[in-house]
Amino acid sequence: MTMTMCEKRFFVPVLAFLITVMAAFSTPVSAETRAILIGVSDYDDTINLADLQGPANDVRLLQTILTERGVSDLTVLADAVDGGTRPTRDAILGAFADMAGRAGAGDLVYIHMSGHGTRQADREGDETDGLDEVFLPADTARAEAGSNMIPNAIVDDELGRAVTAIRQTGADVWLVLDSCHSGSGLRAASPRTASRFVDPKVLGVDVDASRQTEAEIIETDGPEPPGGLLAFYAARSSEVAREIDFAGEGDDAAWYGLFTAKLAARLAETSGLSYRQLFQAVLSDMNDTGLPGGARLQTPLWEGSMIDAAVFGGRATKGVRRFAVQGDEVMAGLVHGMGDGTVLGLVADAADAPDAIIGYAQMEDTEATRAFLRPVSGDCVPTQATPCPLDGALPVAATYAQVVARPVDLVIRVAPPRGLMDGALLDPGSAPVQALREAVETVNASGAAQIELDGATFDIESIWDGTELWFGPRAEIGGQPVGLNVAPEASTLVVALTRIGRAEDLARLLGSVSGGGSLLNPNPVEIDVDLVQVNAADLALPDAGVSPRRECRAALRAVEGQSGPLPPSADLKQCDQVTVLARGVVSGARDVNRVHIDAKFCVHAAYEQIEDANAARRLGTDMTLCSDCPDGYSAGEERMFVIVTEAKPNAEALNLQGLVETCGELGRTTRSAAQNDVVDFLAKLSERPGTRGNFGSVGVENIWVSRFDWRVLPKPEAFARAGIALNK
């Protein structure tokens, strides 16, 4: 697992953190909130390692804020801070270990690290550029000649293992890292700014000699810990983390980390907001042009599964999803599930309460990641055909927007059910057909989707096996039912049809803009999809009672090292494995999302930010396909989209994790209206021309979508194709 210090890839698969939907701005307290505050200011002058002035102030500020919030379990490792321990390597790692010894399930552990960062040669072979990112404790020393290793430095891998140990207790971890390396050299700073980056050469390390291309990507060992993780990083890897003197003219110096200062100010003045709102507010504050030293050179990032939970509130809470507004444009669009006609409520600040709306606007000329705004009244009822009348002007103070209403015009055509054995249509008066019709009416009335029963031109096939209804683009393969199986009851069918609607909206939208790049506008990220196919003879027979995990582990071990590119529209089987690799081919940063729609219409998202032209990075965890899965049968057609967008400086990353999922706790039908607006997509988007570079009359030069399709065969069919006879 590749990890960096400023944009660390503590990649976590999307966790089912939405256990129950809470009212906006409710903030239940975790079992206990604990904190480790680390600030390294005083370094050894004899090795020419410059001291910092801000970390001690960072720790004091956060110590005050956390104490006022009632946090009593505070471990402080900082120079010149009352009660603080000198932040040496042993002291820092010891504090992590001690926390892992006393934290427990449901706790939230806040970890803050301020100090110098740099890079050195990668010893574990898990870095795509051959370099480890390191945090420099107070006892950092100069590298011995020829070693290329900085004594007492804390390597990113060590930090990752220390955090994982805490998460293994079931505690959630919120890590804030205000320390950085620079991938492009130190930019000039004014007299009132300083960098928290150390040139490795100062410490006797030659990183140029360490650069290499890895032969393979090293995967994370072991299962995901039970505790969640959210990480805030002060800057991208190509930028430096700055500390700034916030003192007024003639006042004593008041140095703080820029990111820490803005974060602390928001924590002190707001409560009940989500981590996403907090991040957006801090990002907005850092874009303040009044800051000295060119603060716009620094772009913070976030990563983790708790982004929409309430700050210090635990994973069970939920916040409001908001999008940046710049003049008459909103930084949201088609990939967020929003298009022409969507009505937005405008607010003056990302951390404002949900009802603090200062105006309304309707989206028009919607592109992939942005749209223009037209002012409308608060009673605007959006429709596909006609926009609402103009009303007044857009509020000048508006900086963020939240979804208020959207036009619902998507029609998903579902074929009336046929019998699995004879292929004949079921009697319209039969119980399964009546339950399906009742569910369709309920879903349509709720606005969750627009569904029609149409046997002539259908998108989704339905089959009755005598006990359950099955739904899928194809609901039968080799005489076996496939797809999503549902009991013939209206209540359960409502849940299933809502899931199908969300997944199909998303698939149509992304499919309409898929097609890769063009000669004039090639994809800046190379996407490779590798396939490992196991031998059918190594699989357990159906109903043999063998654990799918054990079965696949053994089958994959037998073909270890044997892989090839994923063929178009491939027929795959139990335990085949799909790996997605993303590699930048030109300079710059891009947000890359992998969206996988499985046979049961469950949507899964994974995210990475890809920078410059480095070695390939694994996009999400490997996908081990299954027809007989640990959570049940799941054969049928599957789709995957890889979405590449430009990562703009001083803008929130386009990270779809937690926003498009349709299953598990994230996919509950009782989700908040804000999340429904993100995952429900409009019909007209799928009707746009699919020509690359032209989305109707709107250019999509800043988004690249690649599509991959396959079928997961039922086990009996996979065995039949391999010539393996099943015992009757």
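A brief structural summary. For clarity, every value in this text was computed on a predicted model and none was experimentally measured. (Residues numbered from 1 in each chain as written. Predicted model: local features only at pLDDT ≥ 70, side-chain atom pairs only at ≥ 80, totals over all residues. Heavy atoms only, no water.)

Re the pairing of strand β13 (residues 323-326)
So, point 1. With 2 bridges connecting them, β13 and strand β18 (residues 400-405) associate as antiparallel partners. The residue bridging Phe-323 from the neighbouring strand is Ala-401, located in β18.
So, point 2. Adjacent in sequence and paired antiparallel, β13 and strand β14 (residues 329-330) are bridged by 2 residues, among which Gly-327 carries a positive phi angle near 65°. (Pairing = 2+ DSSP bridges. Helix = DSSP H or I, 4+ residues; strand = E, 2+ residues; numbered from the N terminus.)

Regarding the pattern of salt bridges
Side-chain pairs of opposite charge can arise whenever the charged atoms involved come near each other.
So, point 1. Applying the stated criterion across every chain, the model contains 23 salt bridges.
So, point 2. Here Asp-454 makes a salt bridge to Arg-413, at a shortest N to O gap of 3.9 Å. Of this pair, Asp-454 sits in the loop between β21 (451-453) and β22 (461-464) while Arg-413 sits in strand β19 (residues 412-414); the two residues are 41 residues apart in sequence, bridging distant segments of the chain.
So, point 3. Given a relative accessible area of 27%, Arg-413 falls into the partly exposed group.
So, point 4. Notably, a salt bridge pairs Arg-721 with Asp-571, separated by 2.6 Å at the nearest N-O pair. (Salt bridge = Lys/Arg side-chain N within 4 Å of Asp/Glu carboxyl O. Buried < 20%, exposed > 50% of the residue type's maximum accessible area, 1.4 Å probe, protein only.)

Points about the packing of aromatic side chains
So, point 1. In total, this model carries 8 aromatic pairs according to the counting rule given.
So, point 2. Ring centres of Tyr-110 and Trp-174 lie 4.8 Å apart, and the angle between their planes is 70°; on these two criteria the pair is classed as edge-to-face. In this pair, Tyr-110 sits in strand β3 (residues 108-114) while Trp-174 sits in strand β7 (residues 172-178), placing the two residues 64 residues apart along the sequence. For the pair Tyr-110 and Trp-174, a shared accessibility class is recorded, and that class is buried.
So, point 3. Ring plane angle 65° and centroid distance 5.4 Å describe the contact between Phe-232 and Phe-279, whose orientation is recorded as edge-to-face. Of this pair, Phe-232 sits in strand β9 (residues 229-233) while Phe-279 sits in helix α5 (residues 275-286); the two residues are 47 residues apart in sequence, bridging distant segments of the chain.
So, point 4. Among the aromatic residues, ring-to-ring pairing joins Tyr-110, Trp-174, Phe-232, Phe-259, Tyr-275, Phe-279 and Phe-312 into one connected group. (Phe/Tyr/Trp six-rings, centres within 6.5 Å; stacked < 30°, edge-to-face > 60°.)

Considering the sheet that holds strand β26 (residues 484-486)
So, point 1. In space, the 4 strands of this open sheet follow the order β20-β22-β23-β26, with mixed pairing throughout. In this open sheet, the two strands that pair with only one neighbour each are β20 (418-419) and β26.
So, point 2. Where strand β23 (residues 469-472) meets β26, 3 bridges bridge the pair, whose relative direction is antiparallel. Along β26, the bridge assignment pairs Trp-470 with Asn-485.

Things to note about the state of the cysteines
Disulfides are covalent bonds that connect the sulfur atoms of two cysteines.
So, point 1. A full pass over the atoms with the stated rule returns 4 disulfides.
So, point 2. Disulfide pairing places Cys-626 opposite Cys-629 at an S-S distance of 1.9 Å. Classification of the bridge connecting Cys-626 and Cys-629 rests on its S-S torsion, roughly 95°, and on that basis the disulfide is right-handed.
So, point 3. According to the relative accessible area criterion, Cys-626 is buried, its value standing at 16%.
So, point 4. The buried category is assigned to Cys-629, whose relative accessible area is 11%. (Disulfide = S-S within 2.5 Å.)

Notes on the pairing of strand β12 (residues 301-304)
So, point 1. Alternating positions in β12 separate into two faces, Leu-301 and Glu-303 on one and Trp-302 and Gly-304 on the other, with burial throughout.
So, point 2. Pairing geometry for β9 and β12, over 4 bridges, is antiparallel. Paired with Leu-230 across the bridge in β12 is Gly-304.

Points about a positive patch on the surface
So, point 1. Residues Arg-549, Arg-550, Arg-553 and Arg-557 make up a contiguous surface patch of positive charge.
So, point 2. On the secondary structure map, Arg-549 appears in helix α8 (residues 548-558). (Patch = residues over 30% accessible without salt bridge, like charges linked within 9 Å, V, L, I, M, F, W, Y side chains within 5 Å. Areas by Shrake-Rupley, 256 points an atom, 1.4 Å probe, with all protein chains shown as cover. Lys, Arg positive; Asp, Glu negative; His and termini not counted. Charge placed at Lys NZ, Arg CZ, Asp CG, Glu CD.)

Observations concerning helix α6 (residues 431-446)
So, point 1. Over its 16 residues, α6 runs 23 Å from end to end, which matches the ideal 22 Å to within 8%, given 1.5 Å per residue.
So, point 2. Gly-447 occupies a position one or two residues after α6 and carries a positive phi of about 85°. (Expected span 1.5 Å × (residues − 1).)

Re a negative patch on the surface
So, point 1. There is a patch of like negative charges on the surface, built from Asp-42, Asp-44, Asp-45 and Asp-51.
So, point 2. Within the fold, Asp-45 resides in the loop between β1 (33-39) and α1 (55-68).

Describing the packing of helix α2 (residues 89-102) against helix α3 (residues 156-167)
So, point 1. Contact geometry of α2 with α3 gives a least axis separation of 7 Å together with a crossing angle of 25°. Put simply, α2 runs roughly parallel to α3. For the element pair α2 and α3, the recorded crossing hand is left-handed. Where α2 abuts α3, its residues Arg-89, Phe-96, Met-99 and Ala-100 lie against Glu-158, Leu-159, Ala-162, Val-163, Ala-165 and Ile-166.
So, point 2. Counted by class, the contact of α2 with α3 contains 8 nonpolar, no polar and 2 charged residues. (Axes fitted to C-alpha atoms, helices over the stretch in contact; angles between N-to-C directions. Parallel < 35°, antiparallel > 145°, perpendicular 65-115°, else oblique. Left-handed = near helix turned anticlockwise from the far one by under 90°. Contact = heavy atoms within 4.5 Å. Nonpolar A, V, L, I, M, F, W, Y, C, P; charged D, E, K, R; others polar.)

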